[in-house]
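Close look at the chain arrangement
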Amino acid sequence: MADLRQGARTGRSGRPTLAVVGATGAVGTVMLRILSQRADVWGEIRLIASARSAGRKLTVRGEETEVLALTEEAFDGVAVAMFDVPDEVAERWAPVAVAKGAVVVDNSGVFRMDPDVPLVVPEVNPHAVRMRPRGIIANPSCTTLSMIVALGALHAEFGLRELVASSYQAVSGAGRAGVTTLRRQLSLVAGTELGTHPGDVRRALGDDTGPFPEPVALNVVPWTGTACEDGWSSEELKVRDEARKILGLPGLPVAVTCVRVPVITTHSLTVHARFEGEVTVDKAREILATAPGVVLFDDPAAGEFPTPADVVGTDPTWVGRVRRALDDPTALELFVCGDNLRKGSALNTAQIAEVVAAELS
């Protein structure tokens with residue numbers, strides 16, 4: 001295993017130096033806001049992006065910082081490097097950062113299922129951070145992160161034995177192109193009578209559906225990711241594999257259906273979870289109400305349950321509609337929401353990095 005203190009280099013403050021790779025991207029922009037809001041555990045924060053972004057000035061922790069080009073030299077003296085970049089960039093440059101002495105926390109999908117790379121959610125499996133033989137720690141996908149904190153808390157008490165979930169994923173999960181596509185489509189359908197005849201929305205919007213296979217305005221699209229065997233999508237298999245790895249349940253039966261909905265930011269999921277023994281709603285509510293990173297918001301009679309419009313911009317996983325399954329006393333039904341750009345991407349990466357910083361200090 002790699003030296004647990006690998007990359008333990010600090011600046012004049014005595015605190016570790018952090019690099020944010022992909023600082024000018026959508027997730028990187030959120031990351032800079034999060035770093036400015038959380039406890040100040042870092043010395044220098046170095047901002048790194050592609051050569052075309054080099055020289056830009058961005059503000060982090062109230063200081064204007066110049067963006068550096070992504071080069072080997074950019075990692076000199078870096079203790080922890082957070083990567084918020086496309087898969088191909090992470091695959092090439094994460095090992096470079098490790099070779100320069102940094103611990104890498106990667107938000108891409110390249111390393112998540114590598115057996116030598118821990119997949120970490122600090123509220124669920126923080127101990128896994130220390131087992132990083134490649135010097136890399138992976139951040140789960142935003143869909144998995146939208147449910148796994150609540151699910152992990154219930155698993156710790158009841159013992160999860162089966163999971164069925166459906167996701168309702170915001171367009172920002174497809175990046176800026178997804179957001180631009182939805183806003184453009186909404187401007188075209190607003191004030192019309194579209195959505196009342198077969199195919200009328202598609203005809204009005206044309207074939208420019210952006211990163212989606214069908215129109216997303218006035219619609220839901222039961223597909224995210226790429227095609228895999230037997231009709232499954234890559235996104236659905238990703239949630240299955242990641243949940244198993246994070247919870248340490250390699251044989252857990254999991255079935256997932258992923259759906260894109262006309263929401264800008266915040267993923268939602270319905271969750272059917274079966275446990276080892278009989279469960280009660282009262283106990284489940286007690287666990288969720290006290291679990292770190294979870295907000296229980298559950299009084300349907302009073303109109304209280306989480307929705308993306310209310311959860312967006314917040315850090316926790318919000319949970320509502322907690323019920324015991326009608327036909328199975330060992331199963332719970334939940335509705336969960338989580339901001340896919342905060343906890344779903346940037347925040348969890350920052351939390352992992354902070355665990356590493358505490359270890360290195």
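These numbers were taken from a predicted model, which means no experiment stands behind them.

So, how was this worked out
Residues numbered from 1 in each chain as written. Predicted model: local features only at pLDDT ≥ 70, side-chain atom pairs only at ≥ 80, totals over all residues. Heavy atoms only, no water. 1 Å grid on protein atoms, 1.4 Å probe; cavity = no way out; pocket = protein on both sides within 12 Å on 5 of 7 lines; lining within 4 Å. Points joined across faces, edges and corners; volume = space filled by probe spheres on them. Nonpolar A, V, L, I, M, F, W, Y, C, P; charged D, E, K, R; others polar. Helix = DSSP H or I, 4+ residues; strand = E, 2+ residues; numbered from the N terminus. Expected span 1.5 Å × (residues − 1). Buried < 20%, exposed > 50% of the residue type's maximum accessible area, 1.4 Å probe, protein only. Contact = heavy atoms within 4.5 Å. Pairing = 2+ DSSP bridges. Right-handed = clockwise from strand over helix to strand, strands pointing away. UniProt positions renumbered as here; feature names shortened; annotations may be inferred. Polar contact = N/O pair within 3.5 Å; in protein donor to acceptor, adjacent residues only side chain to side chain. Axes fitted to C-alpha atoms, helices over the stretch in contact; angles between N-to-C directions. Phe/Tyr/Trp six-rings, centres within 6.5 Å; stacked < 30°, edge-to-face > 60°. Parallel < 35°, antiparallel > 145°, perpendicular 65-115°, else oblique.

1. Some points on the layout of surface pockets
Space inside the second largest pocket adds up to approximately 160 Å³. In terms of lining, the second largest pocket is formed by 14 residues, of which the most central are Val117, Pro118, Leu119, Ala128 and Lys245. Of the residues in the lining of the second largest pocket, the class split is nine nonpolar, three polar and two charged.

2. Observations concerning helix 6 (residues 234-247)
Along an α-helix, residues three or four apart share an orientation, since each turn contains 3.6 residues. For helix 6, which comprises 14 residues, the first-to-last C-alpha distance of 20 Å matches the rise-based estimate of 20 Å (1.5 Å per residue) to within 8%. All of the buried residues along helix 6 are Glu235, Glu236, Val239, Glu242, Ala243, Arg244, Ile246 and Leu247. For helix 6, the elements touching its buried residues are helix 3 (142-158), strand 9 (160-169) and strand 10 (254-260). Positive backbone phi, approximately 70°, marks Gly248, located one or two places after helix 6.

3. Overview of the pairing of strand 6 (residues 80-83)
Note on strand geometry: in a regular strand, side chains alternate between the two faces of the sheet. On strand 6, burial covers both faces: Val80 and Met82 on one face and Ala81 and Phe83 on the other are all buried. Here strand 1 (residues 18-21) pairs with strand 6 via four bridges, running parallel. Residue Leu18 lies in a different strand from strand 6, and its bridge partner there is Val80. A crossover connection joins strand 6 to the parallel strand 7 (residues 103-106) through helix 2 (residues 87-99); in handedness this β-α-β unit is right-handed.

4. Focus: the UniProt feature "binding site: NADP(+)" (unreviewed entry) in the protein
Taken from the UniProt record, the annotation "binding site: NADP(+)" (unreviewed entry) applies to Thr24, Gly25, Ala26, Val27, Arg52, Ser53, Ser172, Gly173 and Asn340. The named residues occupy 317 residues along the chain; their greatest pairwise C-alpha distance, 26.8 Å, places them well apart from one another. Residues contacting Ser172, with those up to four places away along its chain left out, are Val179, Ile264, Thr265, Asn340 and Leu341. Within the structure, the side chain of Ser172 is placed 2.7 Å from the backbone oxygen of Ile264, a separation counted as a polar contact. Within the secondary structure layout, Asn340 lies in the loop between strand 14 (331-338) and helix 9 (342-360). When residues no more than four places from it in sequence are discounted, the contact partners of Asn340 are Cys142, Ala170, Ser172, Gly173, Thr265, Thr266, His267 and Ser345. There is a polar contact of 2.9 Å between the side chain of Asn340 and the side chain of Ser172.

5. What about the sheet that holds strand 2 (residues 45-49)?
Taken together, the six strands give an open sheet; going across it, the order is 5-2-1-6-7-8, and neighbouring strands pair in parallel fashion. Taken across any chain shown, the strands that pair with only one partner, and hence form the sheet edges, are strand 5 (68-69) and strand 8 (136-138). Pairing of strand 2 with strand 5, which is carried by two bridges, proceeds in the parallel orientation. From the neighbouring strand, Ile48 faces strand 5, where its bridge partner is Leu68. Most of the contacts of helix 1 (residues 26-37) go to strand 1, to which it runs at about 155°, and overall it touches strand 1, strand 2 and strand 6.

6. Section: the packing of aromatic side chains
One pass over the structure, following the stated rule, counts three aromatic pairs. Ring geometry for Phe297 versus Trp318: centroids 5.9 Å apart, planes at 85°, classification edge-to-face. One end of the pair, Phe297, is in the loop between strand 12 (294-296) and helix 8 (308-311); the other, Trp318, is in strand 13 (residues 317-324), with 21 residues separating them in the sequence.

7. Things to note about unusual backbone geometry
Even without being a glycine, Arg61 presents a positive backbone phi close to 55°. Following the sequence through the fold, Arg61 ends up in the loop between strand 3 (57-60) and strand 4 (63-66).

8. Side note on the packing of helix 3 against helix 9
Packing of helix 3 against helix 9 brings their axes to within 8 Å, and their N-to-C directions diverge by 85°. One element, helix 3, and the other, helix 9, form an angle in the roughly perpendicular class. Here Cys142, Leu145 and Val149 of helix 3 lie close against helix 9, whose contacting residues are Lys343, Gly344, Ser345 and Asn348. Of the residues belonging to the contact of helix 3 with helix 9, the class tally is three nonpolar, three polar and one charged.

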